[in-house]
Amino acid sequence: MTCLPDPVPSAKKLGLVIDLDTCVGCQGCATSCKEWNASGHSAPLPDYRPYSAGAEGVWFNRVHSYEAGEGAAGRTVHFPRSCLHCENAACVTVCPTGASYKRAEDGIVLVNHDTCIGCGLCAWACPYGAREMDEDAGVMKKCTLCVDRIYNETIPEAQRQPACVLACPTKARHFGDLGDPDSAVSRLVAERGGQPLLPELGYRPVNSYLPPRRRPEPAPVEDAPTPMDIGNPLLRWMDRVLSR
């Protein structure tokens, strides 16, 4: 089995902060992720039966939508799901060949496709369903935080972010060093009460989710006045005539 790297106090913990209040479920993050990674570090990302019933494929980012609350207080919550780059990544420690590993320098969890045997143990160990089997290549694939983009010095610095972050039209996705308490993403988590996904499992996900904000209670709707509520006799007569 594979060992996790020894923790380094000053090492980065790169990850995503996702705002569930402003995500509109447009799937822009999923499609931009697919487009970038289909020709990048993890290429290709195949699709199976794309134009027929039962279409499926390799998607590093998937968006699920749920109805939360009831009545006027109800709302639709869109929940993007991808690898959380856990500090105690079970997908790493269960790997029999060392193909699944966590980088000490920035905390990104990756898969070495040259040594992956496609046994699927990592997918079974991951409680978040973040692993994707490429049936054509016979290997497991996953979100890389666009590692081939965020360190690419041939593109403008402002573009050195994961494709999903750059594509989000509502700025619901944020990327940065969650190991630095003074970073923009860490401050955002502190200000909005961000939470990791299923912390009780003990895998210590690096990614965090910002909860939906509470919406104000809708104002009560006043009943329309009845003819007897109209004091002026002439207006009361007009209301009676026009209501016929």
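How each quantity is defined
- Residues numbered from 1 in each chain as written.
- Predicted model: local features only at pLDDT ≥ 70, side-chain atom pairs only at ≥ 80, totals over all residues.
- Heavy atoms only, no water.
- Salt bridge = Lys/Arg side-chain N within 4 Å of Asp/Glu carboxyl O.
- Helix = DSSP H or I, 4+ residues; strand = E, 2+ residues; numbered from the N terminus.
- Buried < 20%, exposed > 50% of the residue type's maximum accessible area, 1.4 Å probe, protein only.
- Disulfide = S-S within 2.5 Å.
- 1 Å grid on protein atoms, 1.4 Å probe; cavity = no way out; pocket = protein on both sides within 12 Å on 5 of 7 lines; lining within 4 Å.
- Points joined across faces, edges and corners; volume = space filled by probe spheres on them.
- Nonpolar A, V, L, I, M, F, W, Y, C, P; charged D, E, K, R; others polar.
- Phe/Tyr/Trp six-rings, centres within 6.5 Å; stacked < 30°, edge-to-face > 60°.
- Lys NZ or Arg CZ within 6 Å of the ring centre and 35° of its normal.
- Arc of directions from axis to C-beta.
- Contact = heavy atoms within 4.5 Å.

1. Notes on the pattern of salt bridges
Tallied over the full model, the rule gives 11 salt bridges. A salt bridge links D19 to R192; the shortest N-O distance between them is 2.9 Å. Pair noted here: D19 is in strand 1 (residues 14–19) and R192 is in helix 6 (residues 184–192), with a separation of 173 residues, a long-range link. Neither residue differs from the other here; D19 and R192 are each classed as buried.

2. Observations concerning unusual backbone geometry
Note that the residue after A43, namely P44, is joined by a cis bond; omega there is -5 degrees. Inspection of the secondary structure puts P44 in the loop between helix 1 (28–37) and strand 2 (47–48). With phi around 55 degrees, K171 is a residue other than glycine that occupies positive phi space. Relative to the helices and strands, K171 is located in the loop between helix 5 (163–167) and strand 10 (173–177).

3. Concerning the state of the cysteines
Covalently bonding the sulfur atom of one cysteine to the sulfur atom of another cysteine gives a disulfide. Going through the model one piece at a time under the given rule, you end up with zero disulfides. We note that C95 lacks a disulfide partner, and the nearest cysteine sulfur, in C119, lies 6.3 Å from it. When its relative accessible area of 9% is taken as the criterion, C95 is described as buried.

4. Details of the layout of surface pockets
Which parts of space are left empty comes out when a probe the size of a water molecule is rolled across the atoms. In this model, the largest pocket occupies a volume close to 340 Å³. Forming the boundary of the largest pocket are 19 residues, of which P7, V8, K13, E87 and K102 lie nearest the centre. Residue composition of the lining of the largest pocket, by class: eight nonpolar, three polar and eight charged.

5. A look at the packing of aromatic side chains
All chains considered together, the criterion is met by one aromatic pair. Here the aromatic rings of F79 and Y209 are separated by 4.6 Å at their centres, their planes lie at 15 degrees, and the arrangement is stacked. Linking F79 in strand 5 (residues 75–81) with Y209 in strand 11 (residues 208–210), this pair joins segments that are 130 residues apart in sequence. You'll find F79 and Y209 in the same group, each marked buried. Sitting over the face of the ring of W36, R149 holds its NZ or CZ atom 4.5 Å from the ring centroid.

6. Focus on helix 6
Three- or four-residue spacings in an α-helix give side chains the same orientation, since the helix completes a turn every 3.6 residues. Burial in helix 6 covers these residues: V185, S186, L188, V189 and R192. Mapping the buried residues of helix 6 onto a view down its axis gives an arc of 160 degrees, with all of them on the same face. In helix 6, the exposed residues that point more than 90 degrees away from the buried face are A184, A190 and E191. Buried residues along helix 6 sit in contact with strand 1, strand 10 and strand 11.

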